[in-house]
Structures are given as C-alpha cells and as structure tokens.
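# Per-entry structural report
Here is what each chain is made of, one letter per residue.
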Amino acid sequence: MRILAIDTSNLVLSTAVVEEERVLGEWTTNLNKNHSVRLMESISQLLDSLDLGPDQLDGIAVARGPGSYTGVRIGVATAKTMAWSLNIPVIGVSSLQAVAANAGGYSGMIVPLFDARRGQVYTGGYRSGPDMTAREVLPERIILLRDWLPMAAEAAADGPVLFLGDDVSIHRSVITEVLGEQAQFAPPFFNHPRAAGIGWLAAKQIGRAGNVHQLVPEYLQLAEAEAKLKARGCST
Amino acid sequence: MVEPYVWTFASAEETQQFARRLAEYLQPGDVLALEGDLGAGKTTFTQGLARGLGVAEGVNSPTFTIIKEYAGRLPLYHMDVYRVENDADQLGLDEYFYGDGVSVVEWASLIEPVLPEERLTVTLSVGEGQARRCRLEPRGRRYEELCEEIGKHAHFGN
C-alpha cells in the first residue's frame, strides 16, 4: 500500500509518499510562500523523482487542520480532488496530532500548539502510546493560552509537559512563567509537521476511510450559529 | 466638543486624493473599517487608497468575490462583508487582518465580533451636492498616532 501525504495547513508545506514499513520520499519547506501555487508542483516533483505515477497510489492522507483557514482548504481540496479522480480513499489527520507524532516515545504530556492570534492557541494534550502514536488525552481546542496552561499542567500531574510547534517561541516566556521547570521545549526539527508522519498515521486508518465527500476541514472554531445554538442549550 | 478627525471634500476626486495621502502612512497589519451608505464613496475611497499604496491594477467592488487582493507597496486586502454577516468567522479573516498587508473592510460593522479590537474606522457620508464628509475614528494607540500624523500633515479638502 502506497500513500501520498500532504500538509499545507500552516506555514509548512510538506508532501511525502509512504508505504507501511518505509518512507519513500518527503519534501518539506517552512516558509510563508503561496501553498496554492507550490503544492501541485511539489507533489509532481516528488512522484517524478520516485518514478511513480498517480495510478500507483493507493490512498491520500491530508492534514485537515486546525491552522490557516486558507492553508487547510488548499490541502483538503487538493487531497479530495485527487482521491476522487483516482478513486482511492482519503484520510484526514489532525494537524496538531501530526506535530505531536514527532515526539512519539516521550514519557510526559505532549502539547503541540499553533498560535491562533488574540492570545489564543490551537492546542491539545497527547501521550505517546505503546506503538509510539501520540494519542489525544486532552481534546483539541482553541483557547486562551493563559487558560490552557494551568489545565495542561494539571492533566500532566507532576510530570513534564513538552511544548511543540514553531509558534511556541512566541509564547515561551508565558509558558515558563506558568509552568516553570515542568515545561520542556523541543529542538527545532521536532516543531514542524512532516507529511511522512501524516502518511503513517493515515495508513493505520485507511481501511476505515469513508466516502471522499465526508472529509471536511477542521477549523476548531464554532460557527456563530453553532455557538448560539449551544448557548441556548441545544445540542448539535 | 471638537471632532479633530473630520474632513469635508467637495468631490469624489478630493476623497480619492485624501485616501491616497492616507495610504502613505499605512503599515503592514493596519485595518480600516469602512462605513457609509451606498453611494457615500466607499469604493471611491478604496481606489484612492490603492493608488497611494502603489497598486497598478484597477480596483472595483468585491461585493460578490468578498475579498480581493492587490499587490502594491504593501498588499491591499479589499473586503466587502455585506453578504457574509453570519459566516464571517468561517472565512479566516484574521489571516488578512494580522497579515502583511493593509485590510480595508466595507460594511465592517456587520462583522463587529470578528474585527480586531484596534482599528481605524472611516465613516463616509454624503453632504450637500457633491460634498462628502469623512470621519476617522481611531481605536488603539497605533491608530491614534496615525490620525495625529494625518491631521498634522494632510492639507487637503477644507
């Protein structure tokens, strides 16, 4: 089984082709450059260098967000279009889980985060499972960093909390202020998502892929209508 | 009470000239909330602003496209949110507001909850004949300074 994996949900543009036991190739840049212009070129160059044609793919994996709305849409729309036209399954993987996966094997709490502006972050809490997959233990959300840090610290009990993501550097002083030595920081190459990891996570679920049209972006924002409905006590 | 940031223009050309000068003081990440009835000159204003930002392309109303992006000294993000009122939080507008360019939002008051706290509200209204009134209302330090600067250097209109 061969999967093409894509992430354009944040600044990183990453594409990879993976098999169950092997990463065949991966291309990653971390720049504020136009993903919509560069994504197809990156896919086509990667496939060319691997001497693969699109018909030799068995599935598509994509980071479905959270992140940049525009970026998420570029990746998800491309993945769905390719999967639909090639008639192969598509799997969406959380963009946060993709970063958390970098720390598979870490014994403490893993907290990936992306800056969401206005003091907020997209984040969640993960722990490494026996198969090195990062499992979600605190559900992903958009939250004020100041509100989130005590929650993450408490959930980690007295254990260490590893913060991952390029945006951690913006918030490092606040994190250290609240968590002190409980907070740990990763080297730079742990901080960005890698399409190879997304492909690997997707390979585990590809048998359960639904209809291509069922895959939708995950913005982690409540639509105003949804928020109002919830405020009135109705469930959605 | 004196309103320090109110201008009156005799014509559409004067409105554009003012906007063109205003553009010279803008920085990446600036947000202008543009208010005014139909025909008050919102698009005219934006055209002047675009010229001041060095946008070569012609600017027209983004009513149907919602957002148009132009390349100039700074990128200009021209939005008309008249039709998106209820879906504004689904558009990812923050990427523009906090981006590398200048955002101009027509009918901004309709999406009040998703606008940045700090911004410059520009209210245009029709006066006698061809006359147009323009009121600048700064929110936040950056925009207060911007208005002071414009008040000091901008000698046009009345």
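Residues numbered from 1 in each chain as written. Chains lettered and ligands numbered in written order. Predicted model: local features only at pLDDT ≥ 70, side-chain atom pairs only at ≥ 80, totals over all residues.

All names here are of chain B. On the basis of which strands lie adjacent, the open sheet formed by 7 strands has the order β1-β7-β6-β2-β5-β4-β3 and mixed pairing. The outermost strands of the open sheet, each flanked by one partner alone, are β1 (6–9) and β3 (67–70). Going across the sheet, the axis of each strand differs from the next one's by a mean of 20 degrees, ignoring polarity. Bridge count for β3 against strand β4 (residues 76–80) is 4 bridges, and the pairing is antiparallel. Across the sheet, residue Tyr70 finds its bridge partner in β4, namely Leu76. Along the sheet, helix α1 (residues 12–23) makes contact with β1 and β7 (132–139), crossing β1 at roughly 140 degrees. (Pairing = 2+ DSSP bridges. Helix = DSSP H or I, 4+ residues; strand = E, 2+ residues; numbered from the N terminus. Axes fitted to C-alpha atoms, helices over the stretch in contact; angles between N-to-C directions. Contact = placed C-beta atoms within 7 Å.)

Before going further, it helps to examine the domain arrangement of chain A. Residue and element names in this part refer to chain A. For chain A, the assigned domains are domain 1 (2–95 + 193–220) and domain 2 (96–190). Look at where the C-alpha atoms of domain 1 and domain 2 centre, and you get two points 24 Å apart. Taken together, the 13 residues of domain 1 in the interface contact 12 residues of domain 2. Of all the elements, helix α6 (residues 195–203) adds the most residues to the side of domain 1 that touches domain 2, at 3 residues. Of the residues in the side of domain 1 that touches domain 2, the class split is 7 nonpolar, 5 polar and 1 charged. (Domains from an automatic or database assignment. Nonpolar A, V, L, I, M, F, W, Y, C, P; charged D, E, K, R; others polar.)

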